[in-house]
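# Working through the structure, step by step
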Amino acid sequence: AVIDLDAATGRGANTDIVKPLLRIAECRVGGGIRTAEQAAELVSLGAKKVIVGSAAFRVGGDFAVNETFLDALARAIGRERLIVAVDALEGEIVVDGWKTRTGLKLLETARRVEEYAGELLFTSVEKEGMMGGADLAAIKELRASVSVSSLVTAAGGVSTLAEIEELAASGCDIQLGMALYTGKIDLADAFAASLNWQKAADGFLPLIAQSHDGQVLMTGCADREAVTETFRRGNVCFHSRTRGRLWMKGESSGNTMRLLRLRADCDRDALLAVVEPRGPVCHTGAWSCFEVGRRFTPQYLQEIVRQRLKCAPAGSYTASLSDERVRRKVMEEAYEVCTAKTHGEFVWEAADLLYHTIVLLSRENVDFDEVLDELDRRHLN
């Protein structure tokens, strides 16, 4: 969660700081968002969700749910991408960086705004930053007061793994801050505590490994130890039932899987690890346990190109493409695509254009995934 407190309190936005973060991680962004256009711009820049607070509870000079504003936001970015921050002090919604009481009651207000938002972010202000424990009763009451389809993320005072387990079991997500920064809670332990171990068969959850370009590589089982060790080692770990112990993929072969992201599914009883495989994944020597060979993708092509540019074999065409020459080739191949006549010619020339474009991207240190992310952002607008 990235919150621009300066923007929220009217001291100017930190846009130049926030923008680069949206390309690094899957960010939920809030602070000073007062128009649907601002929200749409953040989504177009890469924000996964947008958080609004104060502007949602002002109509003119009065405090009330601003349904016109929320409706405009939901239409602009989609209900599923809108989070309303229902920050409360003693059960009353507060705004302006928690400085102003509104007179709006938490539960009643939450039920009114959930029509427009896919998620509610509840911060118990009196607990925030105090490291004294969350207001579990208030959080559970809020969770029970809104529909099952609405996500509820709890923040403020969460400082023990037991609280994380209890809140997760009640159907809430948990947002951590001070407890992580001070080291009171370890991130790996917190993630493991949030999972639905009650549904785990014999204490194991299924863990699917997927390459960053979407290819399913293998599946295995993970217990709490495997989950936390995956975080700490940076390589995916399983519980090997045949060995009866923790097993890091590649510990003997060297074909490890470097962790990029670890995600739980909607019920928190299955895991997806997005990884960078270092060599074949299957014990047979195949790239994937589910197919014989590695699917040729633009991302795979870029890996090959980068390797050729870094350490080219004698006579490598790729290595011969200087910056000037590859730019000229991209323009030539674009013309060839536009003048192609037959289906076969289109395929041939498009392949040439894609290849030379990826060489140019690689020379400019641009990942092909960044291009796909940009297209994804554009389709949201």
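Above this text you will find the structure in question.
Quick caveat: nothing in here was measured; it's all calculated off a predicted structure.

## Topic: the overall build of the chain
- Of the regular secondary structure elements, the chain holds 15 helices and 18 strands.
- Scored against the burial criterion, the 381 residues of the chain give a buried share of 45%.
- Placing the 46 positive and 55 negative side-chain charges of the chain at their respective mean positions leaves the two points 3 Å apart.

## A few points about the sheet that holds strand E3 (residues 49–52)
- Taken in spatial order, the seven strands make up an open sheet running E1-E2-E3-E6-E10-E11-E12, and their pairing is parallel. One side of each edge strand has no neighbouring strand; the edge strands of this open sheet are strand E1 (2–3) and strand E12 (173–174).
- Sheet topology note: the strand E2 (residues 28–30)/E3 ladder contains three bridges and is parallel. Residue pairing for E3: arginine 28 is matched across the bridge by lysine 49.

## Things to note about the sheet that holds strand E14 (residues 216–222)
- What the four strands build is an open sheet, ordered E14-E13-E18-E17; its pairing is mixed. Here the strands that pair on one side only, and so sit at the sheet edges, are E14 and strand E17 (257–264). Each adjacent strand pair in this sheet contributes to an overall mean axis angle of 25°, direction not counted.
- Two strands pair when backbone bridges link them, and strand E13 (residues 205–211) and E14 are joined in this way by six bridges, in the antiparallel orientation. Counted as the bridge partner of leucine 205 is alanine 222 from E14.

## Things to note about the nonpolar core
- Residues Val52, Phe57, Leu70, Val84 and Val86 are the most contacted members of the largest nonpolar core, which totals 54 residues.
- The contacts of phenylalanine 57, once residues within four sequence positions are left out, are Asp62, Phe63, Ala64, Val84, Ala85, Val86, Ile93, Val95, Leu104, Thr109 and Val113.

## Describing the environment of alanine 334
- Relative to the assigned elements, alanine 334 resides in helix H13 (residues 323–339).
- Given the relative accessible area of 28%, alanine 334 is considered partly exposed.
- C-alpha of alanine 334 to C-alpha of leucine 353: the two residues are 19 residues apart in sequence and 6.1 Å apart in space.

## Focus: the packing of helix H3 (residues 36–45) against helix H4 (residues 67–77)
- At their nearest, the axes of H3 and H4 sit 9 Å apart, and the two run at 30° to each other. Here H4 runs roughly parallel to H3, going by the angle between their axes. In the crossing of H3 with H4, the sense of the turn from one axis to the other is right-handed. For the pair H3 and H4, the contacting residues are Ala36, Ala39, Ala40 and Val43 in the first and Phe69, Ala72, Leu73, Ala76 and Ile77 in the second.
- Residue composition of the contact of H3 with H4, grouped by class: nine nonpolar, no polar and no charged.

## Points about the pattern of salt bridges
- Under the definition given, this model contains 27 salt bridges.
- Between aspartate 6 and arginine 11 there is a salt bridge; the shortest N-O distance is 3.2 Å.
- Looking at arginine 11, the relative accessible area reads 60%, which means it is exposed.
- One salt bridge connects arginine 28 with glutamate 119, and the closest N-O pair in it is separated by 2.5 Å. Linking arginine 28 in strand E2 with glutamate 119 in strand E10 (residues 119–123), this pair joins segments that are 91 residues apart in sequence. The pair arginine 28 / glutamate 119 is uniform in exposure class, with both members buried.
- The network of salt bridges with common partners includes Glu26, Arg261 and Arg263.

## Description of helix H6 (residues 136–145)
- Three or more residues of H6 are buried, namely Leu136, Ala138, Ile139, Leu142, Arg143 and Ser145.
- Looking at the buried side of H6, the elements it contacts are helix H5 (106–113), E10, strand E11 (151–155) and helix H7 (161–169).

## Some points on H5
- Buried within H5 are the following residues: Leu106, Leu107, Thr109, Ala110 and Val113. Buried residues of H5, seen end-on, are gathered within an arc of 165° and therefore sit on one face of the element.

## Quick notes on a nonpolar patch on the surface
- On the surface, a cluster of nonpolar side chains totalling about 310 Å² of accessible area is made up of Ile17, Leu21 and Ile24.
- One can find isoleucine 24 in helix H2 (residues 15–24).

## Describing the side chain of serine 316
- In this structure, serine 316 sits in the loop between helix H11 (298–310) and helix H12 (317–320).
- In this structure serine 316 comes out as buried when scored by relative accessible area, which is 12%.
- A polar contact is formed between the side chain of serine 316 and the backbone nitrogen of alanine 319, at a distance of 3.2 Å.

## A few points about the side chain of lysine 249
- The residue lysine 249 is located in the loop between strand E16 (245–248) and E17 in this model.
- The side chain of lysine 249 is buried and forms no salt bridge, while glutamate 251, the nearest opposite charge, is found at 10 Å.
- There is a polar contact of 3.2 Å between the side chain of lysine 249 and the backbone oxygen of asparagine 255.
- If near-sequence neighbours (up to four positions away) are discounted, lysine 249 is found in contact with Met218, Val236, Phe238, Asn255, Thr256, Met257, Pro280 and Val281.

The rules behind the values
- Residues numbered from 1 in each chain as written.
- Predicted model: local features only at pLDDT ≥ 70, side-chain atom pairs only at ≥ 80, totals over all residues.
- Heavy atoms only, no water.
- Helix = DSSP H or I, 4+ residues; strand = E, 2+ residues; numbered from the N terminus.
- Buried < 20%, exposed > 50% of the residue type's maximum accessible area, 1.4 Å probe, protein only.
- Lys, Arg positive; Asp, Glu negative; His and termini not counted.
- Charge placed at Lys NZ, Arg CZ, Asp CG, Glu CD.
- Pairing = 2+ DSSP bridges.
- Axes fitted to C-alpha atoms, helices over the stretch in contact; angles between N-to-C directions.
- Core = buried A, V, L, I, M, F, W, Y, C linked by side-chain atoms within 4.5 Å.
- Contact = heavy atoms within 4.5 Å.
- Parallel < 35°, antiparallel > 145°, perpendicular 65-115°, else oblique.
- Left-handed = near helix turned anticlockwise from the far one by under 90°.
- Nonpolar A, V, L, I, M, F, W, Y, C, P; charged D, E, K, R; others polar.
- Salt bridge = Lys/Arg side-chain N within 4 Å of Asp/Glu carboxyl O.
- Arc of directions from axis to C-beta.
- Patch = residues over 30% accessible without salt bridge, like charges linked within 9 Å, V, L, I, M, F, W, Y side chains within 5 Å.
- Areas by Shrake-Rupley, 256 points an atom, 1.4 Å probe, with all protein chains shown as cover.
- Polar contact = N/O pair within 3.5 Å; in protein donor to acceptor, adjacent residues only side chain to side chain.

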